Each structure stands twice: as C-alpha cells, then as structure tokens.
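Notes for the structure review
Read off the chains here:
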Amino acid sequence: MGTKIKYVPHIPDLMEWEDYETVDEKKVVRVQLRVTDEGVEIIGDSPYPHLLEELLAGIDPKELEMMLCG
Amino acid sequence: VLLATEPIEKKYLFHFLPGGNALSLGTPGCNLGCDYCINWRVSQRGVEEMGTPLVAPDAVVAQAVAAGVEVIAFTYTEPTIFIEYARDIACRAREAGLAVAAKSNGYMAPGVLAEMASWLDGINIDLKGWPGERHRQVVRGAATVVLDNLRRARRLGLWLEVSTLLTPGLNTDDESLRAMTAFIAAELGVDTPWHVQRFFPHYKMTARPVTSQRQLETAIAWGREAGLRYVYNKELGQGRLFDTVCPTCQTVVVAREGFEQVDNRLNEKGECPQCRQPVDGVFASIR
C-alpha cells in the first residue's frame, strides 16, 4: 500500500533540551502514541529524520504528515 | 502550491514584523540540488509529479487576508523558480496592505533580484558556505553568485537576514567561519541578523555527523568576534539564543519559545525600552 505524504504547518515538538545537548552522541527517536476515534495516531520527532521515517514506513501508514522547513 | 499559516520567525526572519504570522507558500522544484535538503521531497520534484493544486494569486491573497496574517512569504523551495507567480501574488498582496517576504538560496541572476526587490520587503538568504569545490559539490551551485546577491540585496534596500546551515565537512572549519562572518560584518553590516542552523543527517547526507555543540559554539564565537550584533541559534542555551537581545545593554527585547514570540518589549520606534538603543529591523506595519 502506498503511503500518502501530507504537509502540515505544525507537529508537536517531542525533543527535549537534553536531547539536543547529546545529539551528537545518541541517536534519539521520540515517539508518542495516542488512541483517537480514527485509530492510533503516532507522533514522532528526531534529529535523525531518516531513522524516524524508516521506523514509520515500517508501519506502512495510509498517511504520513510532515512539516516543511522554512 | 503548498500553503500554510506559520509564524514569520519560521522563515528565519526575526527582525521583520516579529510575532506576526505569514501565509507561507512554495511550489515544487528548486534551482539547486543540495545533498542535505530537508525539503527534498518537494524541492527535487516537479509540479506534475507532486500533483499539488494550483491556487490563483487572487485566491492566495484572499486566503491571507481572511487568515489575518501580516505577511505573505515565499518559502519551502526557491522562490525564483516561480517568480512570475510570486510577483503576481506579491503585487496583489501589497495592494491589500500585506508585507511580502522570501526565504531564498540567493542563487539567481542579478536582474532577477532587482526585479524581486520591486515587490519584496524582506528576504532571508542562505549563505551555505564559502566559495570552493566543496560548496559546489554539496550544493551544486557557485557561492560567489550568492555573495554577490547578498551584497545586492543590501544595496537594493531589502530587509536582509542571513542563514547558514552549519554542515560538518562543508563550512565548520575556522577558515570558512572566519570568511563568512567577516563578509557579513564588512559587506552587509554588523546589524544583519545571522542564523546559525544545525545540520541533521538527511537526504543524501545521512552518514554525515550532526553538527556538534562545539561547532555551534565556535561558529557563534566567530560571529561575535566579527562584531555581528544578532547571532541566533535554536539549540544552544536552552533556546535563549533565539531571543533578540539589545546589543548595548543586553536587555531581552524580544523573547521567543521556539518560533513563537512570547514577549516583545521594543517600543513603537523599535528601540530597547531600557537604553533606547534602536534595534535594526522592520517592527511597525509596512503599509
């Protein structure tokens, strides 16, 4: 099944200051799960976006929301 | 077209109507091919491939007015690739009393920037590195063009801010940092805000390390050594380097939490409330 990418203006920031301070030592991926009326919503955040994307792609979601930079 | 309402600060314009919102707009495609582009899914594809909807200039401006924003910003990808569309929107936006801004890679012919200056109020241009083969290999464009356009933007009277994605192996060495910060100070002015951004592995550069704390600190130190009065960074100092600080008395004049403004203490003339030092920028409504 193909995943549709949707660009949105805001996604909650899950990173904490300590994550930024150790970002060059630890590859942190933060994930928050929430049950909604439509199913399970997964919010992810990471300074290593390709790792987060790989993780989420493995779930094969119908839709993946992303923010654009700038 | 991709459209979203966001804080103007997200365009890395911190001295341009701070605290206001911008209707942000971009189209697929770019005239550069940076190996680290975080928006590569959009910038390295075409309109037909993306299938993004077309929105007429009048409709874009109507949406901006309805949303109550102060600015229309061309961003996400390089605005010069859709310059005719941008111009049509900008002219209508200005008639409607809105300011117009752009986030650009600065890679355009001289006449293009001059044309843009006739309908643009503010611009953030990326200074991705110092001229040389490394820059050309990573970015696929010549940095000399960008340097010329930074000078030109200043001469044309656009409100100008500069961003540098601090990328290990590209521009984190002392020679590059010294050259870039000296250039900004000497040729653009010490009041030009400089945004030091952190590289995170992405797109074709997933094997490259994250910019270290030390590299960020070194870049900021070079900026201050060059005399730059406004050097910004998101990650260091628990976010406090995103605040605007009076260069004379060090009072925090604009406080931010991320890209959101939480306090603005500048007076109506854009001066520090403590010492009356004017802070360079565009702080009052433009039209």
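Everything quoted here is computed from the prediction, not taken from an experiment. (Residues numbered from 1 in each chain as written. Chains lettered and ligands numbered in written order. Predicted model: local features only at pLDDT ≥ 70, side-chain atom pairs only at ≥ 80, totals over all residues. Heavy atoms only, no water.)

Let's shift gears to the overall build of chain A. Secondary structure assignment for chain A yields 2 helices and 4 strands. Listing the helices and strands of chain A from first to last along the sequence gives β-α-β-β-α-β. Taking the principal axes of its C-alpha atoms as reference, chain A extends roughly 35 × 25 × 20 Å. In chain A, which comprises 70 residues, the share counted as buried stands at 33%. Expressed as a percentage of contacts within chain A between residues at least 6 apart in sequence, the contacts between residues at least 24 apart total 54%. For chain A, the centre of its 7 positive side-chain charges and the centre of its 16 negative side-chain charges are spaced 5 Å apart. (Helix = DSSP H or I, 4+ residues; strand = E, 2+ residues; numbered from the N terminus. Buried < 20%, exposed > 50% of the residue type's maximum accessible area, 1.4 Å probe, protein only. Contact = heavy atoms within 4.5 Å. Lys, Arg positive; Asp, Glu negative; His and termini not counted. Charge placed at Lys NZ, Arg CZ, Asp CG, Glu CD.)

All names here are of chain A. In this structure, strand 2 (residues 30-36) lies alongside strand 3 (residues 39-45), joined through 7 bridges in antiparallel fashion. Each bridged residue has a counterpart across the sheet, and for Leu33 the counterpart in strand 3 is Ile42. Connecting strand 2 to the next strand, strand 3, in antiparallel fashion are 2 residues. (Pairing = 2+ DSSP bridges.)

Right, let's talk about the confidence of the model for chain A for a bit. Residues of chain A with pLDDT of at least 70 account for 99%, and the chain-wide mean is 91. Considering each helix and strand of chain A separately, the mean pLDDT is smallest for helix 1 (residues 17-21) of chain A, with a value of 88, and largest for strand 2 of chain A, with 95. (pLDDT = per-residue confidence, 0-100.)

The next thing to look at is the interface of chain A and chain B. For an interface, size is often stated in terms of accessible area lost upon the parts coming together. The interface of chain A with chain B comprises 18 residues on the first partner and 25 residues on the second. The contact between chain A and chain B buries some 2,000 Å² in all, and 64% of this surface belongs to carbon and sulfur atoms. Broken down residue by residue, the surface that chain A buries against chain B is led by A:Trp17, A:Leu68 and A:Gly70, which jointly contribute 30%. Across the chain A-chain B interface, the total number found is 1 salt bridge. One salt bridge connects A:Glu53 with B:Arg41, and the closest N-O pair in it is separated by 2.8 Å. Among the secondary structure elements, those contributing two or more residues to the side of chain A that touches chain B are strand 1 (4-7), helix 1 and helix 2 (49-57) of chain A. (Buried area = accessible area lost by both parts, 1.4 Å probe. Salt bridge = Lys/Arg side-chain N within 4 Å of Asp/Glu carboxyl O.)

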